[in-house]
Structures are given as C-alpha cells and as structure tokens.
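# Descriptive structure summary
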Amino acid sequence: MFDMAKMMAQAKKVQDKMQSIQEELADLQVTGTAGGGKVKVTCNGKFEFLKVEIAPELAQGGDNAMLEDLVLSALKDGTSQIMKITQDKMSALTAGINIPGLKLPF
C-alpha cells in the first residue's frame, strides 16, 4: 500500500542529504594532470578552474600545440575526477531509496 507520509519523509531526507553533498562538493578540490605531471589544473566541485601550473621546461620549449594539448588533457582529467566523485556520492545517496514512479539516473 502506498504511504504518502513515508514517501514525503524519504524525499525530505534525500533533499537534506543532497544539500549537504552539494556543499561538500563546492569545497572539494582536485588536480587534473597531463604530461607526467608537468601540467596541472586545479578544479573545484562546481567545475570552476582555480589554478594552472606548467613546468618551466614546457613553457620554454616553444611547442605551443603540444602545450595546448597538455592543458586541455589536464582540464579533462580534472573534470572527469569531479564527475566521478559526484556520481559516487549521488549513487550512495539514492541507494536503498524506493520512491514509486521515480527513476533516478544514478
């Protein structure tokens, strides 16, 4: 039998936990790397890029195309890390919750 009060309590619990996860992710920082760590990009959980570090020998090499590729790779690595962490946290949040008619993508 469908229990609306129970469903609403579950929804409130999920909403509260979701808010907590969003705050936690906002404070999270990861570093994407490329070129064996010679290019580093720091990103937070809101996908805001905070810092780029390039080893001096790469900047002096004069191969701008390679440097651009490495920066792009580091950006993608950082983004991928944030997405994985977010997905893991959301999967943990929705595990065991059974709300009829609601299919969550995680």
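Anyway, here's the lowdown on the structure attached to this text. Quantities reported herein were computed from a predicted structural model and do not represent experimental measurements. (Residues numbered from 1 in each chain as written. Predicted model: local features only at pLDDT ≥ 70, side-chain atom pairs only at ≥ 80, totals over all residues. Heavy atoms only, no water.)

## Here's the deal with unusual backbone geometry
Worth spelling out the cut-off: Secondary structure elements are defined from DSSP: runs of H or I of at least 4 residues count as helices, runs of E of at least 2 residues count as strands, and each element is numbered from the N terminus. Three exposure classes are used, based on accessible area relative to the maximum for each residue type with a 1.4 Å probe and protein chains only: buried under 20%, partly exposed in between, and exposed over 50%.
Despite not being glycine, F47 shows a phi value in the positive range, around 65 degrees. Tracing the chain through its elements places F47 in the loop between β2 (39–44) and β3 (49–54). Classification of F47 as partly exposed rests on a relative accessible area of 36%.

## What to know about the sheet that holds β3
The cut-off we apply is this: Two strands are said to pair when DSSP picks up at least two bridges between them. Each axis is a line fitted through C-alpha atoms, taken for helices only over the stretch in contact, and angles between the N-to-C directions span 0 to 180 degrees.
What the 3 strands build is an open sheet, ordered β1-β2-β3; its pairing is antiparallel. The outermost strands of the open sheet, each flanked by one partner alone, are β1 (29–34) and β3. On average, each strand axis in the sheet is tilted by 15 degrees relative to the strand beside it, whichever way the strands run.

## Thoughts on the side chain of N44
Put simply, the rule reads: Polar contact is defined as a pair of N or O atoms within 3.5 Å, subject to the rule that within protein one atom must be able to donate a hydrogen and the other to accept it, and that residues adjacent in sequence are counted only when both atoms are side-chain atoms.
On the secondary structure map, N44 appears in strand β2. Accessibility expressed as a relative area gives 7% for N44, which makes it buried. A distance of 2.9 Å separates a polar side-chain atom of N44 from the backbone nitrogen of K46.

## Thoughts on the pairing of β2
Across the 6 residues that make up β2, a large majority, 5, are buried. Relative to β2, β1 runs antiparallel, the two being bridged by 6 bridges. Within the sheet, the bridge partner assigned to Q29 lies in β2 and is N44. Between β1 and β2, which pair antiparallel one after the other, the connecting turn spans 4 residues, and G35 there sits at a positive phi close to 60 degrees. Sheet topology note: the β2/β3 ladder contains 5 bridges and is antiparallel. In the sheet register, V39 faces β3, and the bridge partner there is I54. Connecting β2 to the next strand, β3, in antiparallel fashion are 4 residues, including F47 with a positive phi near 65 degrees.

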